[in-house]
Amino acid sequence: VPRIAQEVGGLQVSLGIWLSNDTAYNEAELARAIPLINAYPGVIRRVFVGNEVVLREELSAAALMAYLQRVRDAVPASVEVGYADVWSVWLKYPELAEASDFVGAHLLPYWEGVEAREGDRYIRDRMRLLKKKFPGRKIVIAEAGWPSEGRTKRSSVPSPATEAYFLR
């Protein structure tokens, strides 16, 4: 993707580094990602170091922060280095925001049982909450969406119609 973005010109991408509780896997991810970031510093503008790994309790906040620093030390200063997780994890571990160039927030009303028609309010409310908690910090919506099928969660009904409503 970075190569194609460079060929097309004017495109920038965000790169994700998957982390888990498997140290060998994490090292292999870093060994692939860091050279790629360094090869495309004008194209890769942001890197997500981990995705919900604290929520899944596969890494502690301290262990994740060590990975964030390793990546930051290895890539150009122009590349933003941060993490992505559900909004509540950021509130529980505010030190993650201090260790990140941005707050990568997952705002997923379906998983919290919110009605699709309340999804936009939910997202605005969570964004206000994060901006208040982390003033001056860039907040990036890393995930938002609605499923087209699956099980109902309280007032959240998955269907193609509710998915379309939410996305619109």
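Residues numbered from 1 in each chain as written. Predicted model: local features only at pLDDT ≥ 70, side-chain atom pairs only at ≥ 80, totals over all residues. Heavy atoms only, no water.

Novice: What's the story with the side chain of Ser-100 in this structure? I'm lost.
Specialist: Along the chain, Ser-100 falls in the loop between helix H5 (95-98) and strand S4 (102-107). Residues contacting Ser-100, with those up to four places away along its chain left out, are Leu-68, Arg-72, Val-81, Gly-82, Tyr-83, Trp-90 and Arg-137. (Helix = DSSP H or I, 4+ residues; strand = E, 2+ residues; numbered from the N terminus. Contact = heavy atoms within 4.5 Å.)

Novice: Can you walk me through the environment of Gly-104 in this structure?
Specialist: Along the chain, Gly-104 turns up in strand S4. Its relative accessible area of 0% is what places Gly-104 among the buried residues. Taking the C-alpha atoms as reference points, Gly-104 and Gly-82, separated by 22 residues in sequence, lie 6.9 Å from one another. If sequence neighbours within four positions are ignored, Gly-104 has contacts with Phe-48, Tyr-83, Ala-84, Asp-85, Trp-90, Val-140 and Ala-142. (Buried < 20%, exposed > 50% of the residue type's maximum accessible area, 1.4 Å probe, protein only.)

Novice: What's the story with the packing of aromatic side chains in this structure? I'm lost.
Specialist: Taken as a whole, this structure holds five aromatic pairs when the rule is applied. Ring plane angle 75° and centroid distance 5.1 Å describe the contact between Phe-48 and Phe-102, whose orientation is recorded as edge-to-face. Here the residue Phe-48 occupies a position in strand S2 (residues 44-51), and Phe-102 occupies one in strand S4, the gap between them amounting to 54 residues. With relative accessibility at 0%, the residue Phe-102 sits in the buried group. Seen in terms of ring centroids, Trp-146 and Phe-166 are 5.5 Å apart; in terms of plane orientation they differ by 35°. Their pairing is tilted. Linking Trp-146 in the loop between strand S5 (138-144) and helix H7 (160-167) with Phe-166 in helix H7, this pair joins segments that are 20 residues apart in sequence. There is no split in this pair, since Trp-146 and Phe-166 are both buried. Each residue in the set Tyr-110, Trp-111, Trp-146 and Phe-166 is aromatic and connected to the rest through ring pairs, giving one cluster. The cationic tip of Arg-46 hangs over the ring face of Phe-102; the distance from NZ or CZ to the ring centre is 5.3 Å. A cation sits over an aromatic face here: Arg-126 above Trp-87, 4.8 Å from the ring centre. (Phe/Tyr/Trp six-rings, centres within 6.5 Å; stacked < 30°, edge-to-face > 60°. Lys NZ or Arg CZ within 6 Å of the ring centre and 35° of its normal.)

Novice: Sorry, what's going on with a nonpolar patch on the surface here?
Specialist: Residues Ile-4, Val-8 and Leu-11 make up a contiguous nonpolar surface patch of roughly 280 Å² in combined accessible area. Inspection of the secondary structure puts Leu-11 in the loop between helix H1 (2-8) and strand S1 (13-17). Using a relative accessible area of 44% as the deciding quantity, one classes Leu-11 as partly exposed. (Patch = residues over 30% accessible without salt bridge, like charges linked within 9 Å, V, L, I, M, F, W, Y side chains within 5 Å. Areas by Shrake-Rupley, 256 points an atom, 1.4 Å probe, with all protein chains shown as cover. Salt bridge = Lys/Arg side-chain N within 4 Å of Asp/Glu carboxyl O.)

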